[in-house]
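# Descriptive analysis of the structure
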Number of protein chains: 2
Amino acid sequence: MADAPDRSSEAPDDAIMRATYRALSTHGYAGLTMKRIADEYGKSAAAIHYHYDTKDDLLEAFLDFVLDRFKDTVHEVETTDPERRLELLLDQLLVNAGDYPDLLIAMLAMRSQAPYNESLNERFQQNDVYVRYLLETVIDQGIDAGVFADADAEHVARALMTIVDGARTRAVVLDRETALSTARRAATEYVAATLGHRPER
Amino acid sequence: MADAPDRSSEAPDDAIMRATYRALSTHGYAGLTMKRIADEYGKSAAAIHYHYDTKDDLLEAFLDFVLDRFKDTVHEVETTDPERRLELLLDQLLVNAGDYPDLLIAMLAMRSQAPYNESLNERFQQNDVYVRYLLETVIDQGIDAGVFADADAEHVARALMTIVDGARTRAVVLDRETALSTARRAATEYVAATLGHRPER
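- The name that an unreviewed UniProt entry assigns to chain A is TetR family transcriptional regulator, with the source organism given as Natronococcus jeotgali DSM 18795.

## Points about the overall build of chain A
- For chain A, the count of helices and strands is nine helices and zero strands.
- The order of α-helices and β-strands along chain A, N terminus first, is α-α-α-α-α-α-α-α-α.
- Across the 201 residues of chain A, 53% fall into the buried class.
- Of all intrachain contacts in chain A linking residues separated by at least 6 positions in sequence, the fraction that spans at least 24 positions is 65%.
- A total of about 9,000 Å² of accessible surface is found on chain A, and carbon and sulfur atoms cover 47% of it.
- When the 22 basic and 36 acidic side-chain charges of chain A are each reduced to a single mean position, those positions are 5 Å apart.

## A word on the interface of chain B and chain A
- Taken residue by residue, the interface counts 45 residues in chain B and 45 residues in chain A.
- For the pair chain B and chain A, the summed buried area comes to about 3,500 Å², and 64% of that belongs to carbon and sulfur atoms.
- Of all residues in chain B, the largest losses of buried area upon contact with chain A belong to Y116(B), R170(B) and V173(B), amounting jointly to 18% of the total for that side.
- Taken together, chain B and chain A are joined by six salt bridges.
- Across the chain B-chain A interface, the total number found is 18 residue pairs in polar contact (both at pLDDT 80 or more).
- Every element with two or more residues in the side of chain B that touches chain A is listed here: α1 (14–27), α6 (101–113), α7 (118–144), α8 (153–173) and α9 (176–195) of chain B.
- A per-element tally of the side of chain B that touches chain A places α8(B) first, with 13 residues.

## Here we look at helix α2 (residues 34–41) of chain B
Residues and elements named next belong to chain B.
- Buried residues of α2: M34, I37, A38 and Y41, and no others. Seen along its axis, α2 keeps its buried residues to an arc of 100°; they face one direction.
- Those residues of α2 hidden inside the fold are in contact with α1, α3 (45–51) and α4 (55–75).
- In the segment just after α2, G42 is the residue with positive phi, at about 80°.

## Observations concerning the environment of D64(A)
All names here are of chain A.
- Here D64 lies in helix α4 (residues 55–75).
- Overall, D64 belongs to the partly exposed group, its relative accessible area being 28%.
- Separated by 86 residues in sequence, D64 and D150 have C-alpha atoms that sit 36 Å apart.

## Observations concerning the nonpolar core
- Core analysis: the biggest nonpolar cluster contains 139 residues, and L86(A), M110(A), L160(A), L86(B), M110(B) and L160(B) have the highest contact counts within it.
- Counting only domains with at least three residues in this core, you end up with domain 1 (1–53) and domain 2 (59–195) of chain A.
- Among all residues touching M110(A), those that are not within four sequence positions of it are L24(A), Y29(A), L59(A), F62(A), L63(A), L120(A) and F124(A).

## Let's talk about the relation of the copies chain B and chain A
- Once chain B has been moved 0.0 Å along the axis and rotated by 180°, it coincides with chain A to within an RMSD of 0.0 Å. The transformation relating the two chain copies, once decomposed into turn and shift, fits a two-fold axis. It is G166(B) whose C-alpha, among those of chain B, lies nearest the rotation axis, at 1.7 Å.
- Of the interface residues in chain B, 100% have counterparts in chain A that sit at the interface too, so the contact is made through matching surfaces.

## So, the domain arrangement of chain A
All names here are of chain A.
- Assigned domains of chain A: these are domain 1 (1–53) and domain 2 (59–195).
- On a C-alpha basis, the centroid separation for the pair domain 1 and domain 2 is 28 Å.
- Across the boundary between the two partners, domain 1 contributes 10 residues, which contact 13 residues of domain 2.
- Summed over both partners, the interface of domain 1 with domain 2 buries about 1,000 Å², with 80% contributed by carbon and sulfur atoms.

## Brief notes about the packing of α8(B) against α9(B)
All names here are of chain B.
- The contact between α8 and α9 brings their axes to 8 Å, and the two run at 170°. Here α9 runs roughly antiparallel to α8, going by the angle between their axes. Side by side, α8 and α9 meet where H155, V156, A159, L160, I163, A167, R170 and A171 of the first sit next to R176, A179, L180, A183, A186, A187, Y190, V191, T194 and L195 of the second.
- Of the residues contributing to the contact of α8 with α9, the split by class is 14 nonpolar, two polar and two charged.

## Examining the confidence of the model for chain A
- Mean pLDDT for chain A: 88, with 92% of residues reaching 70 or above.
- Every residue in residues 1–12 of chain A scores below 50 in pLDDT, and together they form 15 contacts with partners more than four places removed in sequence or on other chains.

## Some details on the side chain of T194(B)
- Mapping T194(B) onto the fold places it in helix α9.
- Overall, T194(B) belongs to the buried group, its relative accessible area being 16%.
- Setting aside its immediate chain neighbours within four residues, T194(B) contacts E189(A), A149(B), A151(B) and V156(B).

## Observations concerning the packing of aromatic side chains
- Summed over all chains, the structure comprises zero aromatic pairs over all chains.
- If you follow K71(A) out to its NZ or CZ, it ends over the ring of Y130(A), 4.6 Å from the centre.

## Topic: empty space enclosed by the protein
- Scanning the entire structure with this criterion turns up two cavities of 30 Å³ or more.
- Reported here for the largest cavity is a volume of approximately 80 Å³.
- Lining the largest cavity are R170(A), V173(A), L174(A), R111(B), F124(B), N127(B), D128(B), V131(B), M161(B), D165(B) and R168(B).
- Those elements giving two or more residues to the lining of the largest cavity turn out to be α8 (153–173) of chain A together with α7 and α8 of chain B.
- For the lining of the largest cavity, the leading source of residues is α7(B), giving four residues.
- In this structure, the second largest cavity occupies an estimated 60 Å³ of space.
- Every residue along the wall of the second largest cavity is listed here: R111(A), F124(A), N127(A), D128(A), M161(A), D165(A), R168(A), R170(B), V173(B) and L174(B).

Rules used in this analysis
- Residues numbered from 1 in each chain as written.
- Chains lettered and ligands numbered in written order.
- Predicted model: local features only at pLDDT ≥ 70, side-chain atom pairs only at ≥ 80, totals over all residues.
- Heavy atoms only, no water.
- Helix = DSSP H or I, 4+ residues; strand = E, 2+ residues; numbered from the N terminus.
- Buried < 20%, exposed > 50% of the residue type's maximum accessible area, 1.4 Å probe, protein only.
- Contact = heavy atoms within 4.5 Å.
- Areas by Shrake-Rupley, 256 points an atom, 1.4 Å probe, with all protein chains shown as cover.
- Lys, Arg positive; Asp, Glu negative; His and termini not counted.
- Charge placed at Lys NZ, Arg CZ, Asp CG, Glu CD.
- Buried area = accessible area lost by both parts, 1.4 Å probe.
- Salt bridge = Lys/Arg side-chain N within 4 Å of Asp/Glu carboxyl O.
- Polar contact = N/O pair within 3.5 Å; in protein donor to acceptor, adjacent residues only side chain to side chain.
- Arc of directions from axis to C-beta.
- Core = buried A, V, L, I, M, F, W, Y, C linked by side-chain atoms within 4.5 Å.
- Domains from an automatic or database assignment.
- Least-squares fit on C-alpha atoms with pLDDT ≥ 70 in both.
- Axes fitted to C-alpha atoms, helices over the stretch in contact; angles between N-to-C directions.
- Parallel < 35°, antiparallel > 145°, perpendicular 65-115°, else oblique.
- Nonpolar A, V, L, I, M, F, W, Y, C, P; charged D, E, K, R; others polar.
- pLDDT = per-residue confidence, 0-100.
- Phe/Tyr/Trp six-rings, centres within 6.5 Å; stacked < 30°, edge-to-face > 60°.
- Lys NZ or Arg CZ within 6 Å of the ring centre and 35° of its normal.
- 1 Å grid on protein atoms, 1.4 Å probe; cavity = no way out; pocket = protein on both sides within 12 Å on 5 of 7 lines; lining within 4 Å.
- Points joined across faces, edges and corners; volume = space filled by probe spheres on them.

Pasting the structure below:
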């Protein structure tokens, strides 16, 4: 089945996505070519072009692939207790991110290209709206339930995403462990300050 | 004088630095070539190569050029009153950054390349150490003077830089004004929470 190019371009081929990830990790965004992706895929560039006309098409599909998986992960946080749910969301955003260092590098490279690529830009914007919506919803639920202090939920969600994006950038450029643990602690301190919520741990 | 290539490579030519900045702004890191820098410079690629052997040499000099100017800016904060000094440093890091949107874009592109380029990586690390040192020093001074609550100054400085780097990344990918104003407000809230310092405004 891996040899038969029988999938339409709407159903991105996981093997090509993984090959793109490996090529991005090895060569960086600036060194990414269809040839190198094909080498990682173990096939000819023509096999890649069968699915994706251009490198931009492939990168858009790759970003969708990554962001969809990321959405699945944050969606997995199933508890409805607002305090616990907010802690688990922050763990997903700030602790589990460290499990995929190459992905942090690849995502930062794609983010840095967003000003020159409207499709990438739209995808990052939509993802940010989605995650902020999850945060804002749990904050509003906590305020309504009386477990969080009254607060500007929209601002608190944006501020937490600022800490998250700072951690993601610093994890690439500086020491990864320190970047993520600093941000996790800062997020807890910020939540305590704005929502009056003190986590047990 | 502008025509005479009489400067050594230790004294980077401001005109080439400005041309590099324009080329980065227009074409992005991935589209940056010596030819495009030479076009912006208004001369041949040979004129650029006279000063810089390779594109990497030129980019290192460019990053030094930008980080030196950035250091000059934060160094300008002259007041010794700890509360006021911390506010002014955060203004430099989070408000004035919005004056140079193309620079935020260029710097993010270079940061995303840091994992593949040891020289860029070292420069970003050194700059982070320098700015954290400034923040930590003013925090320690405020603690010693009794105007700040006792706190882990090193952690607070790292947390503030996480907010700063989050703002820089978000300013490139999302709405710039919102990214910077959210981060400035979050920094004030974070300082109040950890240092017990409530700014007058």
